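What the coordinates show
Here is how the chains run, residue by residue.
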Amino acid sequence: MKQPVRVAVTGAAGQICYSLLFRVANGEMFGKDQPVILQLLEITPALKVLEAVAMELNDCAFPLLHGIVPTDNAEVAFKDADYGLLVGAKPRGPGMERSDLLKDNGKIFSSLGKIIDKVASKNIKIVVVGNPANTNAYILSKNAPSINPRNITALTRLDHNRGLHQLAEKAGSKVADIKKFIIWGNHSTTQVPDITHALVNGKAAPSVVNDQAWTRDTFMPTVAKRGAAVIAARGASSAASAANAVVDHMHDWVLGTADGDWTSMAVASDGSYGIEKGLIYSYPVTCKNGEWTIITDLATDDFIVGKMKESEKELQEERDTCKELM
Ligand code: NAI
């Protein structure tokens, strides 16, 4: 049996984690031969609910769950952590400006960055889920200088998975038949869902769909605004599907993407496709041996490039709003 890995999870008593933690403990993220110790962080008022989550985790008798550390102390939660699932964030309240949300959540991530820098494993792999996820990851990275920026990512896999379903439905195929779909940019409504290079059963998706108006005017906004559609229907933001995407993101990063396919991850830009270096930007990537690689040199048309630049601009503006936190 392998040694257990320490998985720090923030916002552990929230909606997403009520689905996520059970799947991590069941081996769906790191493999069925990898034991885990869950180090669960919450704010003090949520500790009672966190206790109940820990009780339920124990009551599942997961063979791979080798320990639970519930705490409201981030230094305890991130001590020697090999992985960080950063879900906890303040929700946007009524009448709150986006810039206030950016600053409030930016403060959480700047303080977590400093703590991670101090107590976590130097090889910790992090996915930021709490919104605004890309900019939170950027702030965290700037406050954790001893952690390789390649190890700090943000979640756009939910957007990717949403796109797979919409495209499969239009093409009359199965999700498993779709390959090489891309989400570019920010996890926000400026994201760019791109089927240019996608394959449906090995055939070029744009010719299978054969409907540019649908692609641009229906598909792209449906994927980009799916989060709001779920909130309107459910009265709360996507939780089980977000948790599923976190499982997929970390699983593929650690255990590898499927042969002949790629996925979308928001990672530190290396300047590929003319995007400012260092921004946490969603790219098509393959993963092998725990390392991601951006797929470079894909041909992009003017329409997609224009949208990619809009999303870059939004990320630059978000970053500038939070400048004092870096
Ligand atoms: P939730 O409100 O149910 O849970 C969030 C939890 O975080 C709460 O229990 C809260 O007490 C905790 N928390 C707040 N500040 C904290 C801190 N400083 N340290 C530790 N814990 C803290 O929210 P839910 O539904 O679980 O969503 C969490 C976040 O994920 C939100 O920011 C949401 O916008 C985001 N999200 C991101 C998605 C993505 O694709 N990137 C998709 C869906 C949601």
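On a predicted model such as this, the values are computed, not experimentally measured, just so you know.

**Some details on the nonpolar core**
Ranked by internal contacts, the top residues of the largest apolar core, which has 95 residues, are Val9, Val129 and Val246. Here the element with the most residues in this core is helix α10 (residues 240–255); it accounts for seven residues. Residues in contact with Val129, not counting those within four places in the same chain, are Ile16, Leu85, Leu86, Val87, Leu155, Ala242 and Val246.

**Some points on the domain arrangement of the protein**
Here the protein is partitioned into domain 1 (5–154) and domain 2 (157–320). Inter-centroid distance (C-alpha atoms) of domain 1 to domain 2 is 23 Å. Broken down by element, the side of domain 1 that touches domain 2 gets its largest block of residues, six residues, from helix α5 (residues 133–142).

**Some remarks on the sheet that holds strand β7 (residues 178–179)**
Read from one edge of the open sheet, three strands run β7-β10-β11, paired in antiparallel fashion. Two strands close off the open sheet at either side, each with one partner strand: β7 and β11 (203–204). Two strands pair when backbone bridges link them, and β7 and strand β10 (residues 199–200) are joined in this way by two bridges, in the antiparallel orientation. Bridge pairing in β10 places Lys179 opposite Leu199.

**Considerations on the packing of helix α1 (residues 15–25) against α10**
At a closest axis distance of 8 Å, the pairing of α1 and α10 adopts a crossing angle of 35°. Crossing of α1 over α10 shows right-handed handedness. Mapping the contact onto sequence places Ile16, Ser19, Leu20 and Arg23 in α1 and Ala240, Ala242, Ala243, Val246 and Val247 in α10. Here the residues of the contact of α1 with α10 are counted per class, giving seven nonpolar, one polar and one charged.

About the cut-offs
- Residues numbered from 1 in each chain as written.
- Predicted model: local features only at pLDDT ≥ 70, side-chain atom pairs only at ≥ 80, totals over all residues.
- Core = buried A, V, L, I, M, F, W, Y, C linked by C-beta atoms within 7 Å.
- Buried ≥ 20, exposed ≤ 12 C-beta atoms within 10 Å, placed from the backbone.
- Helix = DSSP H or I, 4+ residues; strand = E, 2+ residues; numbered from the N terminus.
- Contact = placed C-beta atoms within 7 Å.
- Domains from an automatic or database assignment.
- Pairing = 2+ DSSP bridges.
- Axes fitted to C-alpha atoms, helices over the stretch in contact; angles between N-to-C directions.
- Left-handed = near helix turned anticlockwise from the far one by under 90°.
- Nonpolar A, V, L, I, M, F, W, Y, C, P; charged D, E, K, R; others polar.

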